Structure formats: structure tokens, C-alpha cells
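Observations on chain architecture
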Amino acid sequence: GAGVSQSPSNKVTEKGKDVELRCDPISGHTALYWYRQSLGQGLEFLIYFQGNSAPDKSGLPSDRFSAERTGGSVSTLTIQRTQQEDSAVYLCASSEQETQYFGPGTRLLVL
Amino acid sequence: DQQVKQNSPSLSVQEGRISILNCDYTNSMFDYFLWYKKYPAEGPTFLISISSIKDKNEDGRFTVFLNKSAKHLSLHIVPSQPGDSAVYFCAASGNFGSWGKLQFGAGTQVVVTP
């Protein structure tokens, strides 16, 4: 079956612009997660959606970051007024139980 | 606060030999552990996992060992193959407020040489 898909695969933007990153989870997976990997770093948790529960936003680095999940499926991560330190690979994952399955990521470069 | 640590940034191993990757954690509430493999420009791929009620889980060439008293787990790959060259991440989760949030180590770059 289809895995987790993310779009765009690459995004170059100018400092101060807003960006939207999209994630399509595996069909039927109730949980969806966003992580990011900065250059030379491990994966850093950002936000987590589980069913209809309020999302766990504890990993969002600032109020410029937000995410929503519409209809319990597709999710959009929005970064407002991007900064150069936002440059990273943004990874989305989904799960049915404990094991999370990742998409290919969106490589964001803020100039 | 790094709760999952992979202290070896890189590992070189000959094809056919065993690769041993190590991971340490600090939070005793972690109850589920996973290993992921990542190729450049791709997302992490799930390899193998282990629950805290077990001390060993095996899947083909991959075996994960968990030592709860030492807060240590390891991944054994035997025999190592050239396609195993990748970055390997250790991850942990626990039922302490956020069911599925994973804490990742910094990764170990494995290079399998002919």
C-alpha cells in the first residue's frame, strides 16, 4: 500500500516569508507526527495528533510554527516569518500503534 | 536534555562481519524502543523494535537487545552487507503523557566496506 507522502519535496524561500508543508499519512493511521532534522542533528519532535484529541504541541520551537490536521487525515505544518535557523528537513510520520512510519521529508532552505 | 544517546557517530565494518550499534537512555519510563535506518535524501525506514517486557527481538539479520538495568540497547546486524551502509537512529517512547512521541538519538553512520 501507499506510504506516507509529503509535499513539496524541496522548498527554497526567503527569510520572512510563510511556508506550508503538507503530509498525507498512511490510510487508516490515527496518529500523525511532525519532526525536523537540522543539519548534523538527530530528529526533533515538533507536534503530534492522535485521533480527535487535542494535539501535543510541546515540541514546537516558537509561535511561528503551527499545524493542523483536517478530517483526521492530511496535515499541514505552517511556518510563519521564516528564519534561516528554520532550514531543515521536515519529516512527517504516521502510526496505527507504536511503530511510526516516515515520509521522505520536505527539505526547507531559508535564504 | 538528550534522553537518548548514541555515542558513536560512525562505525566502519567489513562486509560479512557483525555490526554492533549501541544506544543509551536516561528515562526509566521509556517502554518501547525502535531502530530506524536512513539513507541520504530519504525518510527513516523502520527496522526493528522491542518492548520493555522483552530483552531480545530478532528479525532476519537484525537483532535488538535491551538491558533495562543498564538503560542500554544494541542493534546487531549479521552478516553486514554493502546495502546496510546508512545512518541508524535509535528511538524511544513511553506512556508518560505523550503516547507516541519518539525521542531520537543523534544517529550512527555505518559504512560497510568490501
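Let me begin by describing the structure that accompanies this report. This structure is a prediction, so every number in the text was calculated from the model and none was measured.

Definitions and cut-offs
- For every chain, the first residue of the written sequence is number 1, and numbering continues from 1 onward in sequence order.
- Working convention: letters from A go to chains and numbers from 1 go to ligands, in the order in which they are written.
- Note on the predicted model: pLDDT of at least 70 is required for a residue's local features to be given, and 80 or more for side-chain atom pairs to be given and counted; whole-chain, interface and lining totals, by contrast, use all residues.
- Side-chain calculation: all heavy atoms of the structure are included, whereas hydrogens and water are not.
- Within this analysis, patches are made of residues with over 30% relative accessible area and no salt bridge. Like charges are joined at 9 Å or less; nonpolar side chains (Val, Leu, Ile, Met, Phe, Trp, Tyr) at 5 Å or less.
- Under the convention used here, a 1.4 Å probe and the Shrake-Rupley method define accessible areas, while residue burial counts only the protein chains that appear.
- By convention in these notes, a salt bridge is any Lys or Arg side-chain nitrogen within 4 Å of a carboxyl oxygen on Asp or Glu.
- The helix count covers DSSP runs of H or I at least four residues long, the strand count covers runs of E at least two residues long, and both are numbered beginning at the N terminus.
- Three exposure classes are used, based on accessible area relative to the maximum for each residue type with a 1.4 Å probe and protein chains only: buried under 20%, partly exposed in between, and exposed over 50%.
- Whether two residues are in contact is decided by their heavy atoms: any pair within 4.5 Å suffices.
- Buried area is a sum: the accessible area each of two parts loses on coming together, probed at 1.4 Å, counted once for each and added.
- Whenever a nitrogen or oxygen atom comes within 3.5 Å of another N or O atom, the pair is scored as a polar contact, on the condition that within protein one atom can donate a hydrogen and the other can accept it, and that pairs from neighbouring residues in sequence are kept only if both atoms are in side chains.
- Each residue receives one of three labels: charged for Asp, Glu, Lys and Arg, nonpolar for Ala, Val, Leu, Ile, Met, Phe, Trp, Tyr, Cys and Pro, and polar for the others, Gly being one of them.
- Between 30 and 60 degrees the pair is tilted, below 30 it is stacked and above 60 it is edge-to-face, where a pair is any two Phe, Tyr or Trp rings, Trp via its six-membered ring, whose centres lie within 6.5 Å.

**A short note on a nonpolar patch on the surface**
All names here are of chain A. On the surface, a nonpolar cluster with roughly 280 Å² of combined accessible area is contributed by V12, L109 and L111. Along the chain, L109 turns up in strand β10 (residues 106-110). Using a relative accessible area of 42% as the deciding quantity, one classes L109 as partly exposed.

**With respect to the pattern of salt bridges**
Residues and elements named next belong to chain A. Considering all chains together, one arrives at four salt bridges over all chains under this definition. Taking the shortest distance from any N to any O, the salt bridge between E44 and R36 comes out at 2.9 Å. For E44, a relative accessible area of 32% puts it in the partly exposed group. Note on R36: relative accessible area 10%, which makes it buried.

**A closer look at the interface of chain A and chain B**
Taken residue by residue, the interface counts 22 residues in chain A and 19 residues in chain B. The largest per-residue losses of area from chain A upon contact with chain B belong to L43, E98 and F102 of chain A, which jointly make up 29% of the total buried on that side. Counting the contacts that link chain A with chain B gives zero salt bridges. For the interface between chain A and chain B, the tally reads five residue pairs in polar contact (both at pLDDT 80 or more). Going through the elements one at a time, β4 (31-37), β5 (43-50), β8 (88-95) and β9 (101-102) of chain A are the ones with two or more residues in the side of chain A that touches chain B. Considered class by class, the residues forming the side of chain A that touches chain B number nine nonpolar, nine polar and four charged.

**As for the packing of aromatic side chains**
Following the criterion strictly, the structure yields 14 aromatic pairs over all chains and no others. Judged by centre distance (5.5 Å) and plane angle (45°), the rings of Y35 of chain A and F102 of chain A are tilted. Placement of the pair is Y35 of chain A in strand β4 and F102 of chain A in strand β9, with a sequence separation of 67 residues. Y35 of chain A sits in the buried class, given a relative accessible area of 0%. Assessed through its relative accessible area of 10%, F102 of chain A is described here as buried. A centroid spacing of 5.9 Å and a plane angle of 50° characterise the contact between Y36 of chain B and F104 of chain B, whose relative ring orientation is tilted. With Y36 of chain B in strand β4 (residues 32-38) and F104 of chain B in strand β10 (residues 103-104), this pair connects stretches of sequence that are 68 residues apart. Considered together, Y36 of chain B and F104 of chain B belong to a single accessibility category, that of buried residues. An aromatic cluster is built from Y33, Y35, F45, Y48, Y101 and F102 of chain A together with Y36, F46, F89 and F104 of chain B, whose rings are joined through pairwise contacts.

Shape descriptors only; they carry no functional weight alone.
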